[in-house]
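# Coordinate analysis (summary)
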Amino acid sequence: MISTKNKRHLVITESGEVFFRYAETILTQYDLLTQELSEYRELKKGTLHIGSVPVMSQYGLMTKMSQFMADYPQINIRLEELEGVDLLEKLQSKQLDLGILRNVQTQLLNKSQFHFIDIDQDELKVVLPANHRLAKQDQISIEDLRDIDVVVLSPGSGIYERIGKLYQQAGFTPNIRFTTTHIETLMGIIENSQRVTFLFQKSAEPFMSDKFVTRSFSTPIYNKLQLVYPQGTLTQAGRRFINYITHASQPIHKS
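Given the structure is predicted, the values throughout are model-derived calculations rather than measurements.

## Let's talk about the nonpolar core
Ranked by internal contacts, the top residues of the largest apolar core, which has 65 residues, are Leu98, Leu145, Phe198, Phe217 and Phe241. Ranked by residues supplied to this core, first place goes to strand β9 (residues 212-230) with eight residues. Those residues in contact with Phe241, other than ones at most four positions away along the chain, are Leu48, Ile50, Met65, Phe68, Ile77 and Leu98.

What follows is the structure, given as structure tokens:
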């Protein structure tokens, strides 16, 4: 074993101690400088690859994204609006820098491999024609829907799985007559019928008219919209983007 004992009894001089302190400070400042320059270069170029379920405009996220693009014109954003299943697959294979999706979907991700940030909350509603026999009720239970034909967003939407679980807990199977990935198509299918569908309030709002009404479940069902990213992969541009998404009133501008 090599001895590290000071055999020559060397003692650092007072001036040497001063030099050592300054040298440590210089090295620390140099490290901070190189890190900051690297981060600055990241914010001056590159592409941020984001995947989202199709809710960006309903939740006001396009405005924040537009502001980010104005403040960082050299960062390109590649946005893919995907169904939940495809989005989860791309997140798990690290093909995306960030994902925006509902927690009914994010709960399928490994909690130890991803970071999760809540950015909004919404209520799951029963959507039905204004002349539907259940439209007179202020709230609707699963039991009320036992013999009602259902149309719903496709598997992977999160809603399909949540509704299936509700019916299962009630002890019967939903009579699902039609599935699609498009809300506008769902609304057309239930119009002037005795069918119902299920949508989150903010997602439904752009498609609502006096032909339709929404009702809460007897026990209201809430869901969170989350921003998700793999641990250990977030770039400086990604951090800045998260600040824009999560701070509605005071986005962080570049200095």
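From this point on, the discussion continues.
## Examining the packing of aromatic side chains
Enumeration over the complete set of coordinates arrives at six aromatic pairs. Ring centres of Phe68 and Tyr244 lie 5.3 Å apart, and the angle between their planes is 90°; this geometry places the pair in the edge-to-face category. Of this pair, Phe68 sits in helix α2 (residues 61-71) while Tyr244 sits in helix α8 (residues 236-246); the two residues are 176 residues apart in sequence, bridging distant segments of the chain. Assessed through its relative accessible area of 0%, Phe68 is described here as buried. What makes Tyr244 buried here is its relative accessible area of 2%. Where Tyr167 meets Phe172, the ring centres are 5.3 Å apart and the plane angle is 85°; that geometry is what we call edge-to-face. One aromatic cluster in this structure is built from Phe68, Tyr72, Phe241 and Tyr244. The lysine or arginine in question, Lys111, covers the ring of Phe116, its NZ or CZ lying 4.5 Å from the ring centre. Above the face of the Phe172 ring, Arg146 is positioned so that its terminal group lies 4.2 Å from the ring centre.

## Overview of the pattern of salt bridges
If you walk through the whole model with that rule in mind, you get eight salt bridges. The partner of Glu123 in a salt bridge is Lys125, with the nearest N and O atoms 3.6 Å apart. Glu123 sits in the buried class, given a relative accessible area of 12%. Classification of Lys125 by relative accessible area gives buried; the value is 12%. As a salt-bridge pair, Glu191 and Lys211 come within 2.9 Å of each other at their nearest N and O atoms. Taken as a pair, Glu191 in the loop between α6 (183-190) and β8 (197-200) and Lys211 in the loop between α7 (201-204) and β9 lie far apart in primary sequence, 20 residues in all. Classification of Glu191 by relative accessible area gives partly exposed; the value is 26%. A single salt-bridge network, built from bridges that share partners, covers Arg78, Glu80 and Lys90.

## As for α2
When α2 is considered as a whole, its buried residues turn out to be Leu61, Lys64, Met65, Phe68 and Asp71. All buried residues of α2 fall inside an arc of 125° around its axis, so they share one side. Relative to its buried face, α2 has exposed residues pointing more than 90 degrees away, namely Thr63 and Ala70. In this structure, the buried residues of α2 make contact with β1 (47-52), β2 (76-81), β3 (98-102), β4 (114-129), β9 and α8.

## Remarks on the side chain of His132
Within the secondary structure, His132 sits in the loop between β4 and β5 (139-140). Since its relative accessible area comes to 2%, His132 is described here as buried. A polar contact of 2.8 Å, which involves the side chain of His132, links it to the backbone oxygen of Gln194.

The rules behind these values
- Residues numbered from 1 in each chain as written.
- Predicted model: local features only at pLDDT ≥ 70, side-chain atom pairs only at ≥ 80, totals over all residues.
- Heavy atoms only, no water.
- Core = buried A, V, L, I, M, F, W, Y, C linked by side-chain atoms within 4.5 Å.
- Buried < 20%, exposed > 50% of the residue type's maximum accessible area, 1.4 Å probe, protein only.
- Helix = DSSP H or I, 4+ residues; strand = E, 2+ residues; numbered from the N terminus.
- Contact = heavy atoms within 4.5 Å.
- Phe/Tyr/Trp six-rings, centres within 6.5 Å; stacked < 30°, edge-to-face > 60°.
- Lys NZ or Arg CZ within 6 Å of the ring centre and 35° of its normal.
- Salt bridge = Lys/Arg side-chain N within 4 Å of Asp/Glu carboxyl O.
- Arc of directions from axis to C-beta.
- Polar contact = N/O pair within 3.5 Å; in protein donor to acceptor, adjacent residues only side chain to side chain.

Bear in mind that shape data such as this cannot, by itself, settle questions of function.
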